[in-house]
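Okay, here's what each chain looks like letter by letter:
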Number of protein chains: 4
Amino acid sequence: MEAPNYAGLRALLVNCSLTPDAETSHTGRLLDVVDHLMSGAGVEVDRLHLVEHQIAPGVQPDMREHGWDHDDWPDLWPRVEAADILVIGTPLWLGEESSVCRVLIERLYAMSAMLNERGQSIYYGKVGGAVITGNEDGVKHTSMSLLFAMQHLGLVIPPQADCGWLGEIGPGPSYGDPREGKPPVGFDNDFTRRNATIMSWNLMHTAHLLKEAGGLPTYGNDRNALADGELFGYAEPRAVPGT
Amino acid sequence: MEAPNYAGLRALLVNCSLTPDAETSHTGRLLDVVDHLMSGAGVEVDRLHLVEHQIAPGVQPDMREHGWDHDDWPDLWPRVEAADILVIGTPLWLGEESSVCRVLIERLYAMSAMLNERGQSIYYGKVGGAVITGNEDGVKHTSMSLLFAMQHLGLVIPPQADCGWLGEIGPGPSYGDPREGKPPVGFDNDFTRRNATIMSWNLMHTAHLLKEAGGLPTYGNDRNALADGELFGYAEPRAVPGT
Amino acid sequence: MEAPNYAGLRALLVNCSLTPDAETSHTGRLLDVVDHLMSGAGVEVDRLHLVEHQIAPGVQPDMREHGWDHDDWPDLWPRVEAADILVIGTPLWLGEESSVCRVLIERLYAMSAMLNERGQSIYYGKVGGAVITGNEDGVKHTSMSLLFAMQHLGLVIPPQADCGWLGEIGPGPSYGDPREGKPPVGFDNDFTRRNATIMSWNLMHTAHLLKEAGGLPTYGNDRNALADGELFGYAEPRAVPGT
Amino acid sequence: MEAPNYAGLRALLVNCSLTPDAETSHTGRLLDVVDHLMSGAGVEVDRLHLVEHQIAPGVQPDMREHGWDHDDWPDLWPRVEAADILVIGTPLWLGEESSVCRVLIERLYAMSAMLNERGQSIYYGKVGGAVITGNEDGVKHTSMSLLFAMQHLGLVIPPQADCGWLGEIGPGPSYGDPREGKPPVGFDNDFTRRNATIMSWNLMHTAHLLKEAGGLPTYGNDRNALADGELFGYAEPRAVPGT
């Protein structure tokens, strides 16, 4: 089969690792796989190691206007806005995404009042995926939360839009840790390899499809029209019979 | 604005209520809203009140071959297979979807070895949404679980693909319960009305887009090719530096 | 150290496996570990393989009064009521507990209007734990749901009250599957062994402590008094300053 | 009924609000209810508004040793260690706890290698509860995560150890917002009032019970003995019959 060329698409891969040094992030390694696949298809890939930036927690576009001395988010936002594809990568702690990842979700949510030029949520036209690694347990739980948040904001979630690596239950090594006489941890896991491949291509296919179509039609989701009382065909159902 | 016509699309709305009588299901009322919007756009809408059928729990296509006397699932499956749009409706109990809803998820999962004629998961080309009602608390939690399961199986999740109604925390009335001198419970909730409208249209827009495109390209997600070892550009990342 | 003797305590271990044959349930094997530890301490252990029984879904004490022909729950309830320790065992499907497990939660919830002779929830004085196995991913997510449900109903959750086994991410063998030249799958996992041990003993210690104390004092949780308007010291806080 | 006196117990109420000003936190108001009930019973109550402190994300006891310039956690830890009762309060954003709350969980987890003088987890002997407010949806979901984390660390979770307030689905006012001619938002909600009362008393009853008993017996949970290979009665189950 010939690989599609998706030049013209842009992807932002955000690593929500707690590790200050991007070079030693395990989650970063699986994001490298996504990066390689997308770059190879002509996609312009932007990488963001979030913990290198000083982002205030909160749900406003610029937290410097709400009591914080410093906030890098307003400077980072244009990189989110420019992306057709948003991939959120996170490690797992106690079965949940990192606190850095929750800061990201809060700040994405903070922009949700913005509309595109067609009156839709600013996130319409983008697609989203999740990359999660841990030494054990929690990819599905965390994907539930991240994919939910992204679709709620307005991104499309393609089929099988998450991937990850986990070892057997209990303490243990992490994705990409070197091993003597064997490939690094997780690199020989077919499930992880295939899901990373499927996710990356489905994100690109779906972003391309959306872009070619000029985004979703506005009928039913034009927030200005909804605010003006347009019903788009909505009708009240019957009441449930009283008891 | 002129409403799009989506004749040719088919939708299956599954109600996972615990109420044997479909007429008195509160969740069924919000599914009525979706039904009305989709039918009005020319979509052929099929309704399924799951608890009326005797479906065995399990993760095999036909549980009669695995120790159960009776199983209606094989007779219901063609209705799922025919649908371009799948909407799962569920009530909330202790903050979770109903047991009937989990039977549905198990049985959808049971078919996940099936491929379409292009080697993709049988669910590729479909889009999914969730409709949830409760007297309090749990729409987001349950949407996380249902939308995750659907994207994992291969459905596309459009933007803002869930809707629901919840009252203030604590025991209280349910969606559609009649009230004296006021609209039935929840019918005057703008958030519920708009989200049901947005969800319904986005499901139709996205299903139409996918159908017009002939589904997603197979590059990267063709399971026969993946099983044969095709890598689709996958390359191993570097190891994390040892410590 | 000398092992405590907990003769006089009763435990109910419920297996929510989808496997009709209890002998081939993987989750059942980890429940065997709990059974052995508790029986060895003198606890009277009752085992229930739920899928062998025909339990109607629903949230009423007896679903035969609500449209169902058959319902084994009323006959099973005395076994729950007699237990000082309740352990819920479940397999994982798509990262969630089984549908059979959700039927159990619904029916436990169905009894939550019952009070003990002191006016407390019928579940006060009991302690709860969770045993979860899957071939991959989901022990923590499912423990969250099961332990939450149990504490919500009125059980005490001791420290580290869950245990389980999971393999590396992706399809694979299950707990207890035989292997050539090695112990059965998961039996050599220290984390699983220790957590099963810790959980079992903490359930017994806590149940014993509660029983010796005659249950929790009723001050603040006597539902008859609360229904009569007793405040138990509750006072309204100040309002948040208006903006 | 006469209220018990629990002088000698200490409680730490942590507010994970995103609001820099503790005075305007809605979650803080429901924590005030808990504070009043516990103080009234003689408990020494310590309050912590976490966002006032500069706590590094991470899973180590002191992040200054891991690349961070500043970390207030080591100075705050003695207040956690001194508490018999730990209550975590959080607002809801996109149905999840705040990022500040996840920083707290990470840093509590960072201390989990510490043992008490009896070889048990440092958190043994403490009890935990959760207080959650939002304008809509998510108390149960977030309680699942917080109570799970606390029991995993070694705290006991008493019956009905969470409380919260939520309004009807959609944007709306928050707990404690002033209203003309009516009590502030949520103050007239019986469910919230009762659950706050029940939770507060059950936390005190259970902490008292544990303290009187000198904590849980160490049999089965002594981590030094477990590390030395002590089995505490653990025995391997049979394998699942091969197929």
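Calculation rules
- Throughout, residues of each chain are indexed from 1 in the direction in which the sequence is written.
- In the order they appear in the text, chains get letters beginning with A and ligands get numbers beginning with 1.
- The model is predicted, so local features are restricted to residues of pLDDT at least 70 and side-chain atom pairs to those at 80 or more, both for listing and for counting; the totals for chains, interfaces and linings are taken over all residues.
- Secondary structure elements are defined from DSSP: runs of H or I of at least 4 residues count as helices, runs of E of at least 2 residues count as strands, and each element is numbered from the N terminus.
- Each radius of gyration is computed over the set of C-alpha atoms, and the globule rule expresses the reference value as 2.2 Å times the number of residues to the power 0.38.
- Exposure in this text rests on C-beta crowding, where 20 or more other C-beta atoms within 10 Å of a residue's own make it buried, 12 or fewer make it exposed, and counts in between make it partly exposed. The C-beta atoms are placed from the backbone.
- Contact between residues is assigned whenever the C-beta positions, reconstructed from backbone atoms, fall within 7 Å.
- Superposition of the copies was done by least squares, using only C-alpha atoms of residues whose pLDDT is at least 70 in both.
- Any two strands with at least two DSSP bridges between them are considered paired.
- Any residue that is not Ala, Val, Leu, Ile, Met, Phe, Trp, Tyr, Cys, Pro, Asp, Glu, Lys or Arg is counted as polar, Gly included; the first ten are nonpolar and the last four charged.
- Given a helix with a known number of residues, its expected span is that number minus one, times 1.5 Å.
- What pLDDT conveys is the predictor's confidence in a given residue, as a value from 0 to 100.
- In this analysis, axes come from line fits to C-alpha atoms, helices being fitted only over the stretch in contact, and the angle between any two N-to-C directions falls in the range 0 to 180 degrees.
- We call two directions roughly parallel when the angle between them is under 35 degrees, roughly antiparallel when it is over 145, roughly perpendicular when it lies between 65 and 115, and oblique otherwise.
- Crossings are sorted by hand: turned counterclockwise from the far helix by less than a right angle, the near helix makes the crossing left-handed, and turned clockwise it makes it right-handed.

**Regarding the overall build of chain A**
Summing up its helical and strand segments, chain A has 6 helices and 6 strands in all. For chain A, the succession of helices and strands along the chain, N to C, is β-α-β-α-β-β-α-β-α-β-α-α. Here the C-alpha atoms of chain A give a radius of gyration of 20 Å, agreeing with the 18 Å that 2.2 N^0.38 yields for 243 residues. Along the first, second and third principal axes, the C-alpha atoms of chain A reach 65 × 55 × 50 Å. When burial is assessed residue by residue, chain A has 61% of its 243 residues classed as buried. Nonlocal contacts in chain A, meaning residues at least 24 apart in sequence, comprise 75% of its contacts between residues at least 6 apart.

**Describing the interface of chain B and chain D**
Bring the parts together and some accessible area is lost; that lost area is often taken as the interface size. At the junction of the two partners, chain B supplies 19 residues and chain D supplies 19 residues. At the level of secondary structure, the elements contributing two or more residues to the side of chain B that touches chain D comprise α4 (139–153), β6 (162–165) and α5 (190–212) of chain B.

**Brief notes about the relation of the copies chain B and chain D**
Superposition record for chain B on chain D: RMSD 0.0 Å, screw rotation 180 degrees, translation along axis 0.0 Å. Classification of the inter-copy transformation places it as that of a two-fold axis. Same-surface contact between copies: 100% of interface residues of chain B are shared with the interface of chain D.

**A short note on the pairing of strand β3 (residues 85–93) of chain A**
Residues and elements named next belong to chain A. Burial analysis of β3 places 9 of its 9 residues in the buried class, the great majority of the element. Looking at chain direction, β3 and strand β5 (residues 127–133) are connected through 7 bridges and run parallel. Paired with I88 across the bridge in β5 is A130. As paired strands, β3 and strand β4 (residues 96–97) are joined by 2 bridges and run antiparallel to one another. Within β4, the residue paired with L92 across the bridge is E97. Hairpin connection from β3 to β4: 2 residues lie between these consecutive antiparallel strands, with L94 at a positive phi of about 50 degrees.

**Some points on the interface of chain C and chain D**
Each side of the interface is counted separately: chain C has 62 residues, and chain D has 62 residues. Counting only elements with at least two residues in the side of chain C that touches chain D, the list comes to α1 (26–40), α4 (139–153) and α5 (190–212) of chain C. For the side of chain C that touches chain D, the element with the highest residue contribution is α5(C), accounting for 10 residues. Of the residues assigned to the side of chain C that touches chain D, the class counts are 33 nonpolar, 21 polar and 8 charged.

**Examining the relation of the copies chain C and chain D**
For the pair chain C and chain D, the relating rotation is 180 degrees, the translation along its axis is 0.0 Å, and the fit reaches an RMSD of 0.0 Å. Take the interface residues of chain C: 100% of them recur as interface residues in chain D, which is what a same-surface contact looks like.

**Looking at α1(C)**
Residue and element names in this part refer to chain C. Compared with the 21 Å implied by 1.5 Å per residue over 15 residues, the 22 Å span of α1 between its first and last C-alpha is a close match. With respect to burial, α1 is a largely interior element, 11 of its 15 residues being buried. Within the span of α1, buried status applies to H26, T27, G28, R29, L30, L31, V33, V34, D35, L37 and M38.

**Topic: the environment of A:G233**
Mapped onto the elements, A:G233 comes out in the segment after α6 (223–227). Taking the C-alpha atoms as reference points, A:G233 and A:R107, 126 residues apart in sequence, are found 33 Å from one another. When neighbours within four sequence positions are excluded, A:G233 is seen to be in contact with B:A3, B:L37 and B:G40.

**Some thoughts on the confidence of the model for chain A**
Taken as a whole, chain A shows an average pLDDT of 97; of its residues, 100% reach a score of 70 or greater. Interface scoring of the predicted complex returns ipTM 0.98; its pTM is 0.98.

**As for the environment of B:D75**
Here B:D75 lies in helix α2 (residues 73–82). The spacing of B:D75 and B:D62 is 13 residues in sequence and 9.7 Å in space, taken between C-alpha atoms.

**Section: the packing of helix α4 (residues 139–153) of chain A against α4(B)**
The N-to-C vectors of α4(A) and α4(B) enclose an angle of 100 degrees; their axes lie 8 Å apart at closest approach. The pairing of α4(A) with α4(B) is recorded here as roughly perpendicular in orientation. Between α4(A), through A:K140, A:S143, A:M144, A:S145, A:L147, A:F148 and A:Q151, and α4(B), the contact on the second element is made entirely by B:K140, B:S143, B:M144, B:S145, B:L147, B:F148 and B:Q151. Of the residues in the contact of α4(A) with α4(B), the class split is 6 nonpolar, 6 polar and 2 charged.

**Observations concerning the packing of helix α1 (residues 26–40) of chain B against α5(B)**
Relative orientation and spacing of two packed helices are given, respectively, by the angle between their axes and the distance between those axes. Residues and elements named next belong to chain B. Two numbers describe how α1 lies on α5: the axes approach to 10 Å, and their chain directions differ by 45 degrees. Comparing their axes, α5 and α1 come out oblique. The two elements α1 and α5 cross, and the hand of that crossing is right-handed. Between α1 and α5, the contacting residues are L30, V33, V34, L37 and M38 on the first element and A196, T197, S200 and M204 on the second. Taken together, the residues of the contact of α1 with α5 break down into 7 nonpolar, 2 polar and no charged.

**Describing unusual backbone geometry**
Residue and element names in this part refer to chain D. With a phi angle near 50 degrees, L94 is a residue other than glycine that sits in the positive phi range. With respect to the helices and strands, L94 occurs in the loop between β3 (85–93) and β4 (96–97). At Q160, a position not held by glycine, the phi torsion is positive, near 50 degrees. Relative to the helices and strands, Q160 is located in the loop between α4 (139–153) and β6 (162–165).

**Some words on helix α3 (residues 99–110) of chain B**
Residue and element names in this part refer to chain B. In a regular helix each residue adds 1.5 Å, so 12 residues correspond to 16 Å; α3 covers 16 Å between its end C-alpha atoms and thus fits that length. In terms of residue burial, α3 counts as a mostly covered element, since 10 of its 12 residues are buried. All of the buried residues in α3 are S99, V100, C101, R102, V103, L104, I105, E106, R107 and L108.

**Comments concerning the pairing of β5(A)**
All names here are of chain A. In terms of burial, β5 is a largely internal element, 7 of the 7 residues being buried. Burial of β5 is two-sided: the residues V127, G129, V131 and T133 facing one way and the residues G128, A130 and I132 facing the other way are all buried. In the sheet, β5 pairs with strand β6 (residues 162–165) via 4 bridges, with the strands oriented parallel. Within β6, the residue paired with I132 across the bridge is G164.

**Here we look at the environment of C:D84**
Residue and element names in this part refer to chain C. Within the secondary structure layout, D84 lies in the loop between α2 (73–82) and β3 (85–93). The sequence separation of D84 and M150 amounts to 66 residues, and the corresponding C-alpha distance is 13 Å. Once residues lying within four places of it in the same chain are set aside, the contact partners of D84 are L9, R10, A11, K126, A207 and K211.

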